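# Overview (structure and organization)
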Amino acid sequence: MTRAFIFPGMTTRVVFGVGTLAQVADEVARLGHSRALILSTPHQEDQAQALASTLGPLAAGVFAGAAMHTPTDVTETAVAAYKASGATCVVSLGGGSTTGLGKAIAVRTGTDQVVIPTTYAGSEMTDILGETAGGEKTTRRDPAIRPEVVVYDVDLTLTLPVALTMTSALNAIAHAMEAFYAPDRNPVIEAMCRDAMRAFHTALPVLQSDPQNRDARAEALYAAWCCSTALGQVSMALHHKLAHVLGGSFGMPHSETHAVLLPHTTAFNAAAVPDLLTSISDVFGAPAGAGLWDFATRIGAPLRLADLGLREPDLDRAADIALKNAYWNPRPFTRDDIRDLLQAAFEGRRPTT
Ligand code: NAD
């Protein structure tokens, strides 16, 4: 078929390197701001306070209450803190939970965001916000959600625990996997995702035994940027739907759930579109689903939903919820297909495709 695509362009400015945290003040000023509220989780409050000290008068304070899946009650408290602080922008220092809080403030107030990602989850380059209220997670896309500036500092990832390093990277690989078959994919995203697969494949086994290895950390963070860019530009399908259902309705941990599902969703769709997933099988081994399962085993990632706290009777309800709203996927599926896929992920079976 003749080549045809739309490339929407990229609007987020990216600063990538080692020690780039020192450039955050310049980036805030470059956006025209003189007061920034710094956001973090409670776990990373010390880092946020240290950044506030470095920023001096540019820092309007620290809000260290970010939580996973962006609960709207936390956001309301944070918006009040943002307004009271006199800040005109936010600086989000942390993983996807902190980035999510910054996005939630931005979509409500129009504030600019400078994001400093410290995991590989990949929220920073996207216009997507998932929020939870009353036990339900809803997701929306809006240009106002996409951060203005992302500062990647390799040094900040040196402290990422090995287990989270692996699951977070598999979370990023899931963005690329679904980008490879996305109907709105484009050659820039495909090239970035191919490079990301190679970089993760090289870096993760090194980080397993040497988590302080700066070169491997740089490769992994670079790959995470590529995968985040993919998530921010093209449509996701079955994999992200199932991760969303398990996270939103069953409280399953985010990156671990993505990691366990990935070989199974890949295998399911590879059976229909193997040619579109050769960038996975070329790097991780063929067939693509089995290759990713073997790689996950090698890097010590979790393999069974059962080990993440899901109960077997939950699988029926998860399949029902996943079927509720129709959405595009490269391979059509029935409820039985989804139930079988979840069972395989529950047991951690090695896929055959
Ligand atoms: P997280 O942000 O919840 O971080 C997990 C824990 O690790 C936190 O306690 C955090 O403080 C800590 N941590 C983070 N970086 C660290 C580091 N370098 N050293 C030591 N500790 C560190 O986890 P996550 O997986 O990055 O993000 C998950 C959340 O992000 C979910 O809510 C998910 O829905 C969201 N997300 C959203 C998008 C999007 O585009 N909207 C994309 C990906 C993820």
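Now for a look at the structure at hand.

Scanning the protein from N- to C-terminus turns up 13 helices and eight strands. In summary, the protein has a C-alpha radius of gyration of 20 Å against a globular reference of 20 Å for 353 residues, a match within 12%. Each of the three principal axes of the protein carries a C-alpha extent, and together these read 60 × 45 × 40 Å. Considering the protein as a whole, with its 353 residues, one finds that 56% of them fall into the buried category.

As a further point, take the side chain of H264. Tracing the backbone through its elements, the reader meets H264 in helix α9 (residues 254–270). Given the relative accessible area of 5%, H264 is considered buried.

In the vicinity of the ligand lie 23 residues, with T41, S97, T118, T119 and T126 positioned nearest. Between the ligand and the protein, one listed contact pairs an oxygen atom with a side-chain N or O atom of Q44 at 2.8 Å. Side-chain polar atom of T126 to an oxygen atom of the ligand: 2.7 Å apart, as the coordinates give it.

Turning next to the packing of aromatic side chains. Using the criterion set out here, one finds five aromatic pairs in the structure. Summarising the aromatic geometry, the rings of Y120 and F200 are spaced 6.1 Å apart at their centres and angled 65° between planes, so their arrangement reads as edge-to-face. One end of the pair, Y120, is in the loop between β5 (112–117) and β6 (128–133); the other, F200, is in helix α6 (residues 187–209), with 80 residues separating them in the sequence. Of the two residues, Y120 and F200, both sit in the buried class. Plain terms: the ring middles of Y222 and W225 are 6.1 Å apart, the flat faces sit at 50° to each other, and that makes the pair tilted. Residue Y222 and its partner W225 are both found in helix α7 (residues 214–233); the two are separated by three residues, about one turn of the helix. A relative accessible area of 23% means that Y222 is categorised as partly exposed. Overall, the relative accessible area of 21% leaves W225 in the partly exposed class. We note R331 situated over the ring of F268; from NZ or CZ to the ring centre the distance is 3.8 Å.

Right, let's get into a nonpolar patch on the surface. A contiguous nonpolar surface patch, about 330 Å² in accessible area, is contributed by F5, F7, M10 and V188. Within the element layout of this structure, F7 appears in the segment before β1 (13–17).

Here we take up the pattern of salt bridges. Taken as a whole, this structure holds 15 salt bridges when the rule is applied. We note a salt bridge from E27 to R13, for which the minimum N-O separation is 2.8 Å. Separated by 14 residues along the polypeptide, E27 in helix α1 (residues 24–30) and R13 in strand β1 bring together distant segments of the chain. Exposure remark for R13: the relative accessible area of 33% places this residue in the partly exposed category. Here R349 makes a salt bridge to E347, at a shortest N to O gap of 2.9 Å.

What follows deals with the nonpolar core. In summary, soluble globular proteins display a tendency toward joint burial of nonpolar side chains. Counting residues in each nonpolar core, the largest one holds 55 residues, and the members touching the most others are Y120, M197, F200 and I280. Looking at this core, the elements that each hand over two or more residues are β8 (149–153), α5 (162–181), α6, α7, α9, α10 (278–284) and α11 (288–298). Here this core gets 11 residues from one element, more than from any other, and that element is α5. Structurally, this core is a two-domain feature, drawing no fewer than three residues from each of domain 1 (13–157) and domain 2 (162–347). Setting aside anything within four residues of it in sequence, one finds F200 in contact with Y120, A169, A172, I173, P205, A220, A223, A224, C227 and F295.

Our focus in this paragraph is the side chain of T126. Among the secondary structure elements, T126 is positioned in the loop between β5 and β6. Classification of T126 by relative accessible area gives buried; the value is 1%. At 3.1 Å, the side chain of T126 and the backbone nitrogen of I128 are in polar contact. Ignoring any residue separated from it by four or fewer positions in sequence, one finds T126 in contact with K103, I145, R146, P147, S228, L231 and G232.

On to the sheet that holds β5, then. Taken in spatial order, the six strands line up as β1-β8-β5-β4-β2-β3 in an open sheet, and their pairing is parallel. Each of the sheet's edge strands pairs with one partner strand only, and the pair in question is β1 and β3 (59–63). Sheet twist, expressed as the mean angle between neighbouring strand axes with direction ignored, is 15°. Sheet topology note: the strand β4 (residues 89–94)/β5 ladder contains six bridges and is parallel. Across the sheet, residue S92 finds its bridge partner in β5, namely V115. Along the sheet face, helix α2 (residues 45–55) touches β2 (36–39), β3, β4 and β5 and points at about 175° away from the line of β3.

Basis of the calculations
Residues numbered from 1 in each chain as written. Predicted model: local features only at pLDDT ≥ 70, side-chain atom pairs only at ≥ 80, totals over all residues. Heavy atoms only, no water. Helix = DSSP H or I, 4+ residues; strand = E, 2+ residues; numbered from the N terminus. Rg over C-alpha atoms; globule rule 2.2 N^0.38 Å. Buried < 20%, exposed > 50% of the residue type's maximum accessible area, 1.4 Å probe, protein only. Near = heavy atom within 4 Å. Polar contact = N/O pair within 3.5 Å; in protein donor to acceptor, adjacent residues only side chain to side chain. Phe/Tyr/Trp six-rings, centres within 6.5 Å; stacked < 30°, edge-to-face > 60°. Lys NZ or Arg CZ within 6 Å of the ring centre and 35° of its normal. Patch = residues over 30% accessible without salt bridge, like charges linked within 9 Å, V, L, I, M, F, W, Y side chains within 5 Å. Areas by Shrake-Rupley, 256 points an atom, 1.4 Å probe, with all protein chains shown as cover. Salt bridge = Lys/Arg side-chain N within 4 Å of Asp/Glu carboxyl O. Core = buried A, V, L, I, M, F, W, Y, C linked by side-chain atoms within 4.5 Å. Domains from an automatic or database assignment. Contact = heavy atoms within 4.5 Å. Pairing = 2+ DSSP bridges. Axes fitted to C-alpha atoms, helices over the stretch in contact; angles between N-to-C directions.

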